[in-house]
Amino acid sequence: MNRSPDLLDSQAQFPDEPSLPGPLVRKNESLPKIVAFGDSLTAGLGVSSEESYPAQLEKHLQERGFYYEVVNAGVSGDTSAGGLRRVDWILKSRPTVVILELGVNDGLRGLPLEQTYANLRSIIERLRNAGVMVILAGMRIPPNYGEAYTGEFFEMYERLAKELSLPLVPFLLEGVAAQPGLNQADGVHPTAEGYTIVAQNVFQTLEPLLKTGQNIPAKE
């Protein structure tokens, strides 16, 4: 399969799959934890840690009376396979909620969707078996591999959410993707302002769950 220059440019922004990172650092052990589990879009590549979407989400939550610590477990370059290897690392921190944003790097590499689907499903099932509520973040990729592949990639998240009865952020970068003023020069990663919108996209799915306590496990 021939790859277009646009795809090669996009892939250059996503480094090779990383090794397992060090322990997650908590700022406040007394608060229940929401873990943002993802790749460079979660890590906040190109912006300060305070400008990443997890940090802005925590501030947004606390301003509205939801007292949770949001921990950034984003690793630049991570794939669904890398995420699957990180599940035990995530669970060691005893999260109450995990926001799962993975798969874009799989798509940019043109990996088989069946493989990505299986990895994401395994991640979700392992987290849920440990009593963690999972919120899935839907993603899109550029149409470099054709409409069929890119369409099925986006639909994969809806399929997982439906099959596993998951809360879904329909598209993490809604209102941000392809907006020059909201993305860095690479055209892939949001600016601080763009991440403000990303945090709001996540909050819209998260807030009703926190209000009702729906499917949120109690921690001892």
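Residues numbered from 1 in each chain as written. Predicted model: local features only at pLDDT ≥ 70, side-chain atom pairs only at ≥ 80, totals over all residues. Heavy atoms only, no water.

A. Expanded view of the overall build of the protein. A count of helices and strands for the protein gives 9 helices and 5 strands. If you list the helices and strands of the protein from N to C, you get α-β-α-α-β-α-α-β-α-α-β-α-β-α. Per-residue burial over the protein gives 50% buried out of 220 residues. Once local pairs closer than 6 in sequence are excluded, the contacts in the protein between residues at least 24 apart make up 79%. Surface accessibility of the protein: about 10,300 Å² in total, with carbon and sulfur atoms responsible for 50%. (Helix = DSSP H or I, 4+ residues; strand = E, 2+ residues; numbered from the N terminus. Buried < 20%, exposed > 50% of the residue type's maximum accessible area, 1.4 Å probe, protein only. Contact = heavy atoms within 4.5 Å. Areas by Shrake-Rupley, 256 points an atom, 1.4 Å probe, with all protein chains shown as cover.)

B. Geometry of helix α8 (residues 147-164). The end-to-end C-alpha distance of α8, which contains 18 residues, comes to 26 Å, matching closely the 26 Å that a straight helix rising 1.5 Å per residue would cover. When the local axis directions of α8 are compared, the greatest deviation, roughly 25°, occurs at Glu-155. Within α8, the full set of buried residues consists of Tyr-149, Thr-150, Phe-153, Phe-154, Met-156, Tyr-157, Leu-160, Ala-161 and Leu-164. Among the residues trailing α8, Ser-165 stands out with phi positive, at a value near 55°. (Expected span 1.5 Å × (residues − 1). Bend = angle between axes of the 7 residues up to and from the residue.)

C. View of helix α7 (residues 113-129). Taking 1.5 Å per residue, 17 residues should reach 24 Å; α7 reaches 24 Å between its end C-alpha atoms and fits that length. Those residues of α7 that sit buried are Leu-113, Thr-116, Tyr-117, Asn-119, Leu-120, Ile-123, Ile-124 and Leu-127. Along α7, the residues classed as buried sweep out an arc of 165° about the axis, all on the same side. Across α7 from its buried face, at more than 90 degrees, point the exposed residues Glu-114 and Asn-129. Among the residues trailing α7, Gly-131 stands out with phi positive, at a value near 85°. (Arc of directions from axis to C-beta.)

D. Fine view of the sheet that holds strand β3 (residues 97-101). If you walk across this open sheet you meet the 5 strands as β2-β1-β3-β4-β5, and the pairing is parallel. Two strands in the sheet have a free side with no partner beyond their single neighbour: β2 (69-74) and β5 (168-169). With 6 bridges connecting them, strand β1 (residues 33-38) and β2 associate as parallel partners. Looking at β2, one finds that Ala-36 is bridged to Asn-72. (Pairing = 2+ DSSP bridges.)

E. Just the nonpolar core, in detail. In this structure, Phe-37, Leu-57, Leu-61, Leu-100 and Leu-127 are the most contacted members of the largest nonpolar core, which totals 62 residues. Excluding residues that lie within four positions of it along the chain, Leu-100 makes contacts with Phe-37, Leu-120, Ile-123, Ile-124, Val-134, Ile-135, Leu-136 and Ala-137. (Core = buried A, V, L, I, M, F, W, Y, C linked by side-chain atoms within 4.5 Å.)

F. How the structure looks around the packing of aromatic side chains. Counted by the stated rule, this structure contains 3 aromatic pairs. Seen from their ring centres, Phe-66 and Phe-203 are 6.5 Å apart, and the 65° between their planes marks the pair as edge-to-face. One end of the pair, Phe-66, is in the loop between α3 (53-63) and β2; the other, Phe-203, is in helix α9 (residues 192-212), and 137 residues separate them in sequence. Each ring, one from Tyr-145 and one from Tyr-149, has its centre 5.4 Å from the other, and the planes form 75°; the classification is edge-to-face. Note on accessibility: Tyr-145 and Tyr-149 belong to one class, buried. (Phe/Tyr/Trp six-rings, centres within 6.5 Å; stacked < 30°, edge-to-face > 60°.)

G. Quick look at a negative patch on the surface. A cluster of acidic residues, Glu-114, Glu-152, Glu-155 and Glu-158, forms a negative patch on the protein surface. No other element matches the 3 residues that α8 contributes to the negative patch. The partly exposed category is assigned to Glu-158, whose relative accessible area is 42%. (Patch = residues over 30% accessible without salt bridge, like charges linked within 9 Å, V, L, I, M, F, W, Y side chains within 5 Å. Salt bridge = Lys/Arg side-chain N within 4 Å of Asp/Glu carboxyl O. Lys, Arg positive; Asp, Glu negative; His and termini not counted. Charge placed at Lys NZ, Arg CZ, Asp CG, Glu CD.)

H. Structural context of the side chain of Ser-52. Relative to the helices and strands, Ser-52 is located in the loop between α2 (40-43) and α3. Not counting chain neighbours up to four residues away, the residues in contact with Ser-52 comprise Thr-42, Ala-43, Gly-44, Val-47, Asn-72 and Tyr-195.

I. The pairing of β3, seen in detail. With respect to burial, β3 is a largely interior element, 5 of its 5 residues being buried. On β3, burial covers both faces: Val-97, Ile-99 and Glu-101 on one face and Val-98 and Leu-100 on the other are all buried. As defined by bridge partners, β3 adjoins strand β4 (residues 133-137) across 4 bridges and the pair is classed as parallel. If you follow Val-98 over to β4, its bridge partner there is Val-134.

J. Quick look at the pattern of salt bridges. Tallying each qualifying case throughout the model produces 7 salt bridges. In this structure, Arg-121 and Glu-163 form a salt bridge, with 3.1 Å as the shortest nitrogen-oxygen distance. Here Arg-121 is found in helix α7, whereas its partner Glu-163 is found in helix α8, with 42 residues between them in sequence. Each member of the salt-bridge network shares a partner with another, and the members are Arg-121, Glu-125, Arg-159 and Glu-163.

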